[in-house]
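What follows is the residue order along each chain.
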Amino acid sequence: MGIVSKETSPLVFDGHNDVLLKLYRAGGVSASDSFATGREGAIDMPSAKIGGFGGGFFAVYVPSPVDLEFKFEEMAKPAYDLPLPDPIDWEDAFPVVMSQAAILFDLEKRGALKVCKSAADLRATLGSGKLAAIFHIEGAEAIDAELNTLEVLYQAGLRSLGPVWSRSTIFGHGVPFRYPSTPDIGSGLTDHGLRLVKRCDELGIMVDLSHLNEAGFWDVARHSSKPLVATHSNAHAICPHSRNLTDKQLAAIRESDGMVGLNFAVAFLRDDGRMLADVPLEQMLRHLDHLIEHLGEDRVGLGSDYDGAVVPEELTSCAGLPKLRHAMAKHGYDETLIAKLCHENWLRVLEKTWGA
């Protein structure tokens, strides 16, 4: 990452970004050059160097047709309940997943990042000059009921999987974009979903609980032997959005020795749940304080949702991350805690999930 200064240290390893989707929409592999030279968006190599962004979970995500103007208008209101997109068939999802995975591996070939398949890979790559990337899939539409594609994708480097985005899949059900709301909105994992969790545990694929509804969360808690992890979720006690985690869920995550990555998306940060970007960094620290109180200092990290969400005005790009580090220090977090929040806790939980 070049010269490491106090402003860019400790490096941030982040629980979620959607840069692959943005590059896919910009032309696919042919748009990879912009990641190295600078692009319209939150994450690229120049911004990572400025901000001390060391890598994270690079999500592969199959988009649904969305009227963004309608979505933004609705989510700026005091209360809302957006209709969920229709489920996506495997035949439609699989080519999109392959195209976005190809972008990830093209970025690796160009030397921008390394796709890390083990905790040792992560430790060796973080700070090496390349971004440390985890191949993650958000929403398991491209996984078939027999789990054959899961086996192949694991061999390709898949190490983290969210069974659902907000759409239902053959594995379970996600939460809607609804405020105010609890995450308790329906039934849990299907029989296919229970088999998926078991096989992910066996392979060493982390199961991501962000977007999963509460019944699905408890199904994973009962059937998984691994730490419970939500890569990009916040505290329901502060922002009562369906996407956020209740204190009871946080207690289960703590009991499993898992962790939560703080989501920068403003609708999940603000007390009023509105998608408005005028969110002070102090509001993020309120969520961090609550998560630390309920999870402990070793089980909280960052999960920005960069390139996939409206984020606070001061943090529109990973180049702004020094502002967040400074706010943490000003808030009273010491250097040890800041290092844990920035990347050490992710390394810890992934080592426990994947094995050394």
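Treat the numbers as computed from the prediction; the structure is a model and nothing was measured. (Residues numbered from 1 in each chain as written. Predicted model: local features only at pLDDT ≥ 70, side-chain atom pairs only at ≥ 80, totals over all residues. Heavy atoms only, no water.)

A. View of the overall build of the protein. When helices and strands are counted, the protein shows 13 helices and eleven strands. In terms of C-alpha radius of gyration, the protein reaches 18 Å, essentially the compact-globule figure of 21 Å for 356 residues. Viewed in the frame of its principal axes, the protein has a C-alpha envelope of about 50 × 45 × 40 Å. Here the protein holds 356 residues, and 60% of them are scored as buried. Nonlocal contacts in the protein, meaning residues at least 24 apart in sequence, comprise 75% of its contacts between residues at least 6 apart. Surface accessibility of the protein: about 13500 Å² in total, with carbon and sulfur atoms responsible for 52%. A distance of 4 Å separates the average location of the 34 positive side-chain charges in the protein from that of its 49 negative side-chain charges. (Helix = DSSP H or I, 4+ residues; strand = E, 2+ residues; numbered from the N terminus. Rg over C-alpha atoms; globule rule 2.2 N^0.38 Å. Buried < 20%, exposed > 50% of the residue type's maximum accessible area, 1.4 Å probe, protein only. Contact = heavy atoms within 4.5 Å. Areas by Shrake-Rupley, 256 points an atom, 1.4 Å probe, with all protein chains shown as cover. Lys, Arg positive; Asp, Glu negative; His and termini not counted. Charge placed at Lys NZ, Arg CZ, Asp CG, Glu CD.)

B. Highlighting the side chain of Glu-214. Tracing the chain through its elements places Glu-214 in helix α9 (residues 214–223). Put simply, Glu-214 is tucked away with no salt bridge, and the nearest opposite charge, on Lys-248, sits 5.8 Å away. Among all residues touching Glu-214, those that are not within four sequence positions of it are Pro-183, Asp-184, Thr-246 and Gln-249. (Salt bridge = Lys/Arg side-chain N within 4 Å of Asp/Glu carboxyl O.)

C. Focus on the environment of Ala-327. Considering the arrangement of structural elements, one finds Ala-327 in helix α12 (residues 321–331). Exposure remark for Ala-327: the relative accessible area of 11% places this residue in the buried category. Sequence separation of Ala-327 and Phe-105 is 222 residues, and the distance between their C-alpha atoms is 35 Å. With near-sequence residues (within four places) excluded, Ala-327 lies in contact with Leu-281 and Leu-285.

D. Spotlight on a nonpolar patch on the surface. Taken together, the side chains of Val-66, Leu-68 and Phe-72 present a nonpolar region at the surface, about 260 Å² in accessible area. Here Phe-72 shows up in helix α4 (residues 68–75). (Patch = residues over 30% accessible without salt bridge, like charges linked within 9 Å, V, L, I, M, F, W, Y side chains within 5 Å.)

E. Molecular detail of the packing of α12 against helix α13 (residues 335–354). Remark: α12 packs on α13, axes separated minimally by 10 Å, with the N-to-C direction vectors making an angle of 145°. Of the two elements, α12 crosses α13, and the hand of that crossing is right-handed. Residues Arg-325, Met-328 and Ala-329 of α12 pack against Ile-338, Leu-341 and Cys-342 of α13. By residue class, the composition of the contact of α12 with α13 is five nonpolar, no polar and one charged. (Axes fitted to C-alpha atoms, helices over the stretch in contact; angles between N-to-C directions. Left-handed = near helix turned anticlockwise from the far one by under 90°. Nonpolar A, V, L, I, M, F, W, Y, C, P; charged D, E, K, R; others polar.)

F. Region of interest: helix α10 (residues 247–255). Turning to α10, its buried residues are Gln-249, Leu-250, Ala-252 and Ile-253. Buried residues of α10, viewed axially, fall in a sector of 160°; they line one side. Seen from the buried face of α10, the exposed residues on the opposite side, beyond 90 degrees, are Lys-248 and Glu-255. Where α10 is buried, its residues meet α9, β10 (259–262) and α11 (281–295). Residue Asp-257 follows α10 closely and has a positive phi angle near 65°. (Arc of directions from axis to C-beta.)

G. Quick look at empty space enclosed by the protein. Tallying each qualifying case throughout the model produces two cavities of 30 Å³ or more. Space inside the largest cavity adds up to approximately 70 Å³. For the largest cavity, the lining is made up of 13 residues, of which Leu-209, His-211, Leu-212, Arg-243 and Leu-245 are closest to its centre. Looking at side-chain class alone, the lining of the largest cavity contains six nonpolar, six polar and one charged residues. Roughly 60 Å³ of internal volume is contained in the second largest cavity. Around the second largest cavity, the lining residues are Asp-201, Ile-205, Met-206, Val-207, Leu-209, Val-220, Ser-224, Lys-226, Pro-227, Leu-228, Val-229 and Thr-353. (1 Å grid on protein atoms, 1.4 Å probe; cavity = no way out; pocket = protein on both sides within 12 Å on 5 of 7 lines; lining within 4 Å. Points joined across faces, edges and corners; volume = space filled by probe spheres on them.)

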